[in-house]
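# What the coordinates show
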Amino acid sequence: MNPLLTRLQPYPFERLRALTKDVRPNPDLAPISLGIGEPKHPTPEFLKLALTSSLDGLAAYPATAGLPAMRRACAGWIERRYGVTLDADTEILPVNGSREALFSLAQTVIDPSRDRDRGGPVIVCPNPFYQIYEGSAYLSGATPVFANSDPARNFAVDWEAIDEATWARTQLLYACSPGNPTGAVMRLAEWQRLFELSDRHGFVIASDECYSEIWFGDEPPLGALQAARRLGRGLERLVVLTSLSKRSNVPGLRSGFVAGDAELIRPFLLYRTYHGSAMSTTVQQASITAWDDEAHVVENREMYRRKFAQVTPVLAEVMDVALPDASFYLWAKVPEAVCGGSDTAFTRELLAQYNVTVLPGSLLARGARGHNPGAGRVRLALVAGVDECLDAAQRIAAFIRASTTS
């Protein structure tokens, strides 16, 4: 067996199950889960129809590069959303959701034979983070290095904590904006700094932007391609990854795309040709319909806005939590007076007493520079309907009040 497999960590949800396996939830209350970030809003009917009306596509092997119409739809959306014009033939590649592409990109980019005398190649990523970044590093033969999020700066990533010797070994950097779990959006100055580092050291930047269409302010989140154009920079060593899962409430469709530097897209396509990861033509036809329509995205965003507007104030009365820049998560701090501020103990007791599942923040991060930046926080995925999420918030508030007065 590949010995690198032994370096993989259990996924957060597996660790959550282990953490709570002996907990008996309150049987008098219906279970509510805020643990998994899986969209629960209804899939639009017109997308279901687009899928079922394209079943003839099942009779043909799909091309790994995708249908020209699919690539044009993706490029068209990028231009409308970010004002960036891309070549649909060379700078767009359909993928089976952003997750598998985030992983396989590292297998294409990383050269494990480089920098052996200095400890081998490095992949830099935020902390807390989406665990695929870490797994992709280990299985590509690289070492993950974590840059902690800073709560004092709205959870912006402290890229400056990475020293020059590490940047010199870096071959790939994963950015996530809007961030999971914090919801923080990267600003133009932050992108400028990363571009400067990439230009100096030659590493690739992969920007994970799957939460870009769920936002709460007046302006949509800045994207990496958009930032590059604003700074007068080309797309060299830069790709973005996005998907329809959150945007269109179709996580089961497994449809997304990678866009950016043609010099990266070309070898990535070669890798994927052997990897066997071509998107079904049926899925592509439905995806074209989704990328071409914005009305359902606006409606979806408004549902999240109404939900967060009701839920956030209830929780803010009892814990340190605020409306994020974007995404569908609340990144809440456990009060010191409750379970000693422990995110894992809080999770267990909340489940036992109020039958609400949340995800401990420490399971989404790693210890770096002396501490785990997820410790003492919990991630609340507000993916269910407003009534269920509001019920969960009220139970959490009741739990905290009871814990602090007992």
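Everything below is about the structure printed above this text.
Since we're looking at a predicted model, the values are computed, not measured. (Residues numbered from 1 in each chain as written. Predicted model: local features only at pLDDT ≥ 70, side-chain atom pairs only at ≥ 80, totals over all residues. Heavy atoms only, no water.)

## Considering the overall build of the protein
The line we're drawing: Only runs of H or I of at least four residues qualify as helices and only runs of E of at least two qualify as strands under DSSP, and these elements are numbered from the N terminus. With the radius of gyration taken over C-alpha atoms, the globule rule is written as 2.2 Å times the number of residues to the power 0.38. Only protein chains enter the area calculation, which uses a 1.4 Å probe; residues under 20% of their type maximum are buried, those over 50% are exposed, and those in between are partly exposed. Surface exposure here means Shrake-Rupley accessible area, sampled with a 1.4 Å probe, where a residue is shielded only by the protein chains that are shown. Under this rule, positive means Lys or Arg and negative means Asp or Glu; His and the chain ends count for nothing. By convention, the point assigned to a charge is CZ for Arg, NZ for Lys, CD for Glu and CG for Asp.
A count of helices and strands for the protein gives 14 helices and 13 strands. The C-alpha radius of gyration of the protein comes to 21 Å, within 12% of the 22 Å expected for a compact globule of 406 residues. With respect to the principal axes defined by its C-alpha atoms, the protein has extents near 65 × 55 × 45 Å. Considering the protein as a whole, with its 406 residues, one finds that 57% of them fall into the buried category. For the protein, the accessible area works out to roughly 16,600 Å², and carbon and sulfur atoms hold 53% of it. Distance from the positive charge centre (41 side chains) to the negative charge centre (45 side chains) of the protein: 3 Å.

## Brief notes about the packing of helix H12 (residues 295-316) against helix H14 (residues 386-405)
Counted only if it meets this: Only C-alpha atoms enter the line fits that serve as axes; for helices the fit covers just the stretch in contact. Angles between N-to-C directions range over 0 to 180 degrees. Each angle is binned into one of four classes, with values under 35 degrees roughly parallel, values over 145 roughly antiparallel, values of 65 to 115 roughly perpendicular, and all other values oblique. The criterion used for residue contact is that any of the two residues' heavy atoms lie within 4.5 Å. Three categories are distinguished: nonpolar for Ala, Val, Leu, Ile, Met, Phe, Trp, Tyr, Cys and Pro, charged for Asp, Glu, Lys and Arg, and polar for the others, with Gly belonging to the last.
Two elements in contact, H12 and H14, have axes whose closest approach is 9 Å; the angle formed by their N-to-C orientations is 5 degrees. One element, H12, and the other, H14, form an angle in the roughly parallel class. On the side of H12, the interface is formed by Lys-307, Gln-310, Val-311, Val-314 and Leu-315, while H14 contributes Val-386, Cys-389, Leu-390, Ala-393, Gln-394, Ile-396 and Ala-397. Residue composition of the contact of H12 with H14, by class: 9 nonpolar, 2 polar and 1 charged.

## Here's the deal with the sheet that holds strand S8 (residues 238-243)
Each strand in a sheet pairs with its neighbour through backbone hydrogen bonds, running either in the same direction (parallel) or in the opposite one (antiparallel). Defined as follows: Here the rule is simple: two strands pair whenever DSSP picks up at least two bridges between them.
A sheet is described by the order of its strands in space; here 8 strands give the open sequence S2-S9-S8-S7-S6-S3-S4-S5, paired in mixed fashion. Looking along the sheet, the strands with just one partner apiece sit at the ends: strand S2 (92-95) and strand S5 (156-157). Across 3 bridges, strand S3 (residues 122-127) lies against strand S6 (residues 170-176) in parallel orientation. Paired with Ile-123 across the two strands is Leu-172, which belongs to S6. Most of the contacts of helix H3 (residues 68-82) go to S2, to which it runs at about 110 degrees, and overall it touches S2, S8 and strand S9 (256-260).

## Thoughts on the pairing of strand S7 (residues 204-208)
For S7, the buried fraction is high: 5 of the 5 residues fall into the buried class. Of the two faces of S7, the one holding Val-204, Ala-206 and Asp-208 and the one holding Ile-205 and Ser-207 are both buried throughout. Pairing geometry for S6 and S7, over 5 bridges, is parallel. By the bridge assignment, Leu-173 is partnered in S7 with Ile-205.

## Focus on the packing of aromatic side chains
Put simply, the test is: Between the rings of Phe, Tyr and Trp (Trp by its six-membered ring), a pair exists once the centres lie within 6.5 Å; its type follows the angle of the planes, with under 30 degrees stacked, over 60 edge-to-face, and the other angles tilted.
Applying the stated criterion to the full structure yields 17 aromatic pairs. Pairing Tyr-211 with Phe-328 gives two aromatic rings, centres 5.4 Å apart and planes at 90 degrees, and the pair type is edge-to-face. With Tyr-211 in the loop between S7 and helix H8 (224-230) and Phe-328 in the loop between H12 and strand S10 (329-333), the pair connects residues that are 117 residues apart, well separated along the chain. Here Tyr-211 and Phe-328 have matching classes, each one buried. Residues Phe-328 and Tyr-329 carry aromatic rings whose centres are separated by 4.9 Å and whose planes lie at 80 degrees to one another, so their mutual orientation is edge-to-face.

## Looking at the environment of Ser-248
Condition: What qualifies as a polar contact is a pair of N or O atoms within 3.5 Å, subject to a donor-acceptor requirement within protein and to the restriction that residues adjacent in sequence count only when both atoms come from side chains.
Along the polypeptide, Ser-248 turns up in helix H9 (residues 245-248). With 209 residues separating them along the chain, Ser-248 and Pro-39 place their C-alpha atoms 9.1 Å apart. With residues near it in sequence (within four places) discarded, Ser-248 still touches Pro-44, Leu-47, Ala-290 and His-296. Polar contacts involving the side chain of Ser-248 include one to the side chain of Arg-247, which spans 3.1 Å.

## Details of the side chain of Asp-208
Along the chain, Asp-208 turns up in strand S7. There is a polar contact of 3.4 Å between the side chain of Asp-208 and the backbone nitrogen of Cys-210. If we skip the residues at most four places from it in the chain, Asp-208 touches Leu-102, Tyr-130, Tyr-133, Ala-175, Cys-176, Ser-177 and Leu-241.

## Thoughts on the pairing of strand S13 (residues 377-381)
Consecutive side chains of a regular strand alternate in pointing toward one face of the sheet and then the other. Where burial is concerned, most of S13 is hidden: 5 out of the 5 residues are buried. Where burial is concerned, the two faces of S13 agree: the one with Arg-377, Arg-379 and Ala-381 and the one with Val-378 and Leu-380 are both buried. Across 5 bridges, the pairing between S10 and S13 is antiparallel. The residue of S13 that forms the bridge with Lys-333 is Arg-377. In this structure, strand S12 (residues 359-360) lies alongside S13, joined through 2 bridges in antiparallel fashion. Looking at the pairing, Leu-359 lines up with Arg-379 of S13.

## Some remarks on the state of the cysteines
How we decide: Here, two cysteine sulfur atoms that lie within 2.5 Å of each other are counted as a disulfide.
For the structure on display, the rule yields 0 disulfides. Free of any disulfide, Cys-125 has its nearest neighbouring cysteine sulfur in Cys-176, separated by 10 Å. Sulfur of Cys-210: no disulfide; nearest cysteine sulfur belongs to Cys-176 and is 6.1 Å away. Residue classification places Cys-210 among the buried residues on the basis of a relative accessible area of 9%.

## What about the pattern of salt bridges?
Short version of the rule: Any carboxyl oxygen of Asp or Glu within 4 Å of a side-chain nitrogen of Lys or Arg constitutes a salt bridge here.
Evaluated as defined, the whole model comprises 21 salt bridges. Arg-114 is the partner of Asp-115 in a salt bridge, and the nearest nitrogen-oxygen pair spans 3.9 Å. Taking the shortest distance from any N to any O, the salt bridge between Arg-266 and Glu-263 comes out at 2.9 Å. One end of the pair is Arg-266 and the other is Glu-263, both in helix H10 (residues 262-275) and 3 residues apart, which spans about a single turn. Because the salt bridges share partners, they merge into one network encompassing Arg-114, Asp-115 and Arg-118.

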